[in-house]
Amino acid sequence: MTPVNRLFSVAPMMEYTDRFCRYFHRLLSKQTLLYTEMVTSSALIHGDQQRHLEFADIEHPIALQLGGSNPTELEAATRIAATYHYDEINLNCGCPSDRVQSGMFGAVLMKNADHVVNCFNAMQGATGIPITIKHRIGVDDMDSYDFLCDFVGKLADAGCKTFIVHARKAWLKGLSPKQNREVPPLDYEAVYRLKQDFPDSEIILNGGVTSIDQSLQHLHHVDGVMMGREAYHNPYILSQVDTRLFNNETSPPSREVVLEQFSKFVEQELSRGIRLGQMTRHILGLYQGVPGARRFRRYISEHAHQPRAGTDVLLQALKALNEVRV
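Note that the coordinates shown come from a computational prediction; the quantities given were computed from them, not determined experimentally.

Participant: Could you give me a rundown of helix α9 (residues 188–197), with the residues and numbers involved?
Facilitator: Burial in α9 covers these residues: Tyr188, Ala190, Val191, Tyr192, Leu194 and Lys195. Where the residues of α9 are buried, they touch α7 (145–158), β6 (162–166), β7 (202–206) and α10 (212–218).

Structure (structure tokens):
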């Protein structure tokens, strides 16, 4: 199996990083590691596996994020996922939402490192695909650096090689998931220090990353950077990744080329009965910062949901934008 290059990745984001979003992102960067939305272990065992796990070959390298806390279920879900040939399977130990807490997984798992080790061992025993952990720097009042080291240390001893660390702690009560991405202060130094103290572990930094310049700065201290909301709302930033981070000599694709390629994908999916709006909602930020971007977004938003809407909506949206740019 080819080792996964985690130098730069797009974070798993619920209701955002579905297969249509990932296909679009892959058109912008060939080497960025892409993550699915979080899928619960029970959803894979009892639900529509094809819907949850399907992806196009172009999406490689791609990682599946699993949510769960039952080692037996996680083992079964990992075996199912392995048949789809993901490049990585990640266990979510960082999500603070009430729904996730009620299932006793996500960030609440950090309170019991030994149990996370049991989950990791069950998953690792089910596949040769790399199993990674995504977590916070702390949870509630369990936020000392010693607590973080204990959590990472126990998993490292169990054989976990890669940790994706959101550089904020999680408050499980009193803050919404959105507030948990913004209110707890960022502590990049804790993540940098983690790399110093665990030099043999791969440490990926997540949280508050909004530019390639920032990413380059972080890479002086850690092994990789994960970008979240900025990559979704301003996706053309991904076009810089291959050249600036991976030193690829190929010129970044233009927005127009990306839109043309995405349109061909849309045509295929429309023939399968997928609604246009399910796909085009992910490209609304393609022209972020460009004159006419608002008209581009508005045209798609107003027309993509209409019955029998097709790729002509994208052509007309581009035309509306260009009328401003002329």
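Once you've had a look at it, read on.
Participant: So what's going on with the sheet that holds strand β2 (residues 33–40)? Which residues, and what values?
Facilitator: If you walk around this closed barrel you meet the eight strands as β1-β2-β3-β4-β5-β6-β7-β8, and the pairing is parallel. For this sheet, the mean inter-axis angle between neighbouring strands, taken without regard to orientation, is 25°. On top of the sheet, helix α1 (residues 19–28) reaches β1 (8–10), β2 and β3 (62–67); it is set at about 170° to β2, its chief contact. Packing against the sheet, helix α4 (residues 71–82) makes contact with β3, β4 (88–93) and β5 (131–136), and its axis sits at approximately 155° to β3.

Participant: Got a sec to walk through the nonpolar core? Specific residues and values, please.
Facilitator: The biggest cluster of nonpolar side chains holds 98 residues, and the ones touching the most others in it are Ile133, Phe151, Leu155, Leu194, Phe262, Tyr287 and Phe296. Broken down by element, this core gets its largest block of residues, seven residues, from α7. Excluding residues within four positions of it along the chain, Leu155 makes contact with Val116, Val117, Phe120, Ile133, Cys160 and Phe163. By size, the runner-up hydrophobic cluster in this structure holds eight residues, among which are Val4, Tyr35, Ala63 and Ile164.

Participant: I'd like a rundown of the state of the cysteines, residues and numbers included.
Facilitator: Throughout the structure, instances matching the rule amount to zero disulfides. Cys95 provides the cysteine sulfur closest to Cys21, a residue in no disulfide bond, and the two sulfurs are 17 Å apart. Here Cys93 stays unpaired: no disulfide links it, and the sulfur of Cys119, its closest cysteine neighbor, is 7.4 Å away.

The rules behind these values
Residues numbered from 1 in each chain as written. Predicted model: local features only at pLDDT ≥ 70, side-chain atom pairs only at ≥ 80, totals over all residues. Heavy atoms only, no water. Buried < 20%, exposed > 50% of the residue type's maximum accessible area, 1.4 Å probe, protein only. Helix = DSSP H or I, 4+ residues; strand = E, 2+ residues; numbered from the N terminus. Contact = heavy atoms within 4.5 Å. Pairing = 2+ DSSP bridges. Axes fitted to C-alpha atoms, helices over the stretch in contact; angles between N-to-C directions. Core = buried A, V, L, I, M, F, W, Y, C linked by side-chain atoms within 4.5 Å. Disulfide = S-S within 2.5 Å.

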